Amino acid sequence: MACRISELVIDCRDPELLAAFWCDVLGYVVLDRVEGSVEIGPEDEGFGGLRPTIVFSPSDQPKAGKLPLHIDVNPTDRDQDEELERLLAVGAKPADVGQTGEESWYVLADPEGNEFCLLRRRLSG
């Protein structure tokens, strides 16, 4: 028996803001709010399903430099360029982490500056 990732916990200044952003990005819903933290996940699975939930936990610590761990996302119902437009419209910003411009992915940042990548390959929803 092996483990699997059930949830990701992200420290942030504004859990409500990031929860709303990532719900838009991933098609997730708010599952729970406890002591200032906001947990989001797939509406049909909730916690414990195959896809991990994400908990945004309040923290006063500022982000310092490039994150050692980041999230990669893939479009599910459109091509990469269309998904890039959608992500920018919901609040993502282009981010520079030293890429050359020849990459097949886009580096973006969420409203608190946490980097994530939009990959090219379309996955089934």
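Residues numbered from 1 in each chain as written. Predicted model: local features only at pLDDT ≥ 70, side-chain atom pairs only at ≥ 80, totals over all residues. Heavy atoms only, no water.

Time to look at the nonpolar core. Trp-22, Ile-40, Phe-56, Val-73, Leu-87, Leu-108 and Phe-116 are the most contacted members of the largest nonpolar core, which has 20 residues in total. Mapped onto this core, the elements with two or more residues apiece are helix 1 (15-26), strand 3 (37-41), strand 4 (53-58), strand 5 (71-73), helix 2 (80-89) and strand 8 (115-118). Examining the composition of this core, we find that 6 residues originate from one element, helix 1, more than from any other. Residues contacting Phe-56, with those up to four places away along its chain left out, are Ile-10, Cys-12, Pro-15, Leu-18, Ala-19, Trp-22, Gly-36, Ser-37, Val-38 and Ile-40. (Core = buried A, V, L, I, M, F, W, Y, C linked by side-chain atoms within 4.5 Å. Buried < 20%, exposed > 50% of the residue type's maximum accessible area, 1.4 Å probe, protein only. Helix = DSSP H or I, 4+ residues; strand = E, 2+ residues; numbered from the N terminus. Contact = heavy atoms within 4.5 Å.)

Here we take up the packing of aromatic side chains. Within this structure, the stated rule accounts for 3 aromatic pairs. A ring pair is formed by Phe-21 and Trp-22, whose centres lie 5.3 Å apart and whose planes are at 90 degrees; its orientation type is edge-to-face. Grouping residues by exposure puts Phe-21 and Trp-22 together as buried. When the centroid spacing of 6.1 Å and the interplanar angle of 65 degrees are considered together, the rings of Phe-21 and Phe-116 count as edge-to-face. Taken together, the residues span a long stretch of sequence, with Phe-21 in helix 1 and Phe-116 in strand 8 at a distance of 95 residues. (Phe/Tyr/Trp six-rings, centres within 6.5 Å; stacked < 30°, edge-to-face > 60°.)

So, about the sheet that holds strand 4. Sheet strands pair via backbone hydrogen bonds, and the direction of the pair is either parallel or antiparallel. A sheet is described by the order of its strands in space; here 4 strands give the open sequence 1-4-3-2, paired in mixed fashion. Edge positions in the sheet fall to strand 1 (7-12) and strand 2 (29-34), since each of these pairs with one other strand and no more. Mean inter-strand twist for the sheet, computed between neighbouring axes without regard to direction, equals 20 degrees. The strands touched by helix 1 are strand 1, strand 2, strand 3 and strand 4; relative to strand 4, the strand with the most contacts, the crossing angle is about 160 degrees. (Pairing = 2+ DSSP bridges. Axes fitted to C-alpha atoms, helices over the stretch in contact; angles between N-to-C directions.)

In the UniProt entry, the feature "domain: VOC" (unreviewed entry) is given for residues 4-121. For residues 4-121, the end-to-end C-alpha separation is 23 Å, with 19% helix and 31% strand making up the annotated structure. (UniProt positions renumbered as here; feature names shortened; annotations may be inferred.)

Moving on to the side chain of Asp-110. Looking at where Asp-110 falls in the secondary structure, it is placed in the loop between strand 7 (106-109) and strand 8. Buried within the structure, Asp-110 lacks any salt-bridge partner; its nearest side chain of opposite charge belongs to Arg-13, at an N-O separation of 7.5 Å. One polar contact links the side chain of Asp-110 to the main-chain amide nitrogen of Glu-112, over a distance of 2.9 Å. Asp-110 has contacts with Leu-18, Phe-21, Trp-22 and Phe-116, leaving out every residue within four places of it along the chain. (Lys, Arg positive; Asp, Glu negative; His and termini not counted. Salt bridge = Lys/Arg side-chain N within 4 Å of Asp/Glu carboxyl O. Polar contact = N/O pair within 3.5 Å; in protein donor to acceptor, adjacent residues only side chain to side chain.)

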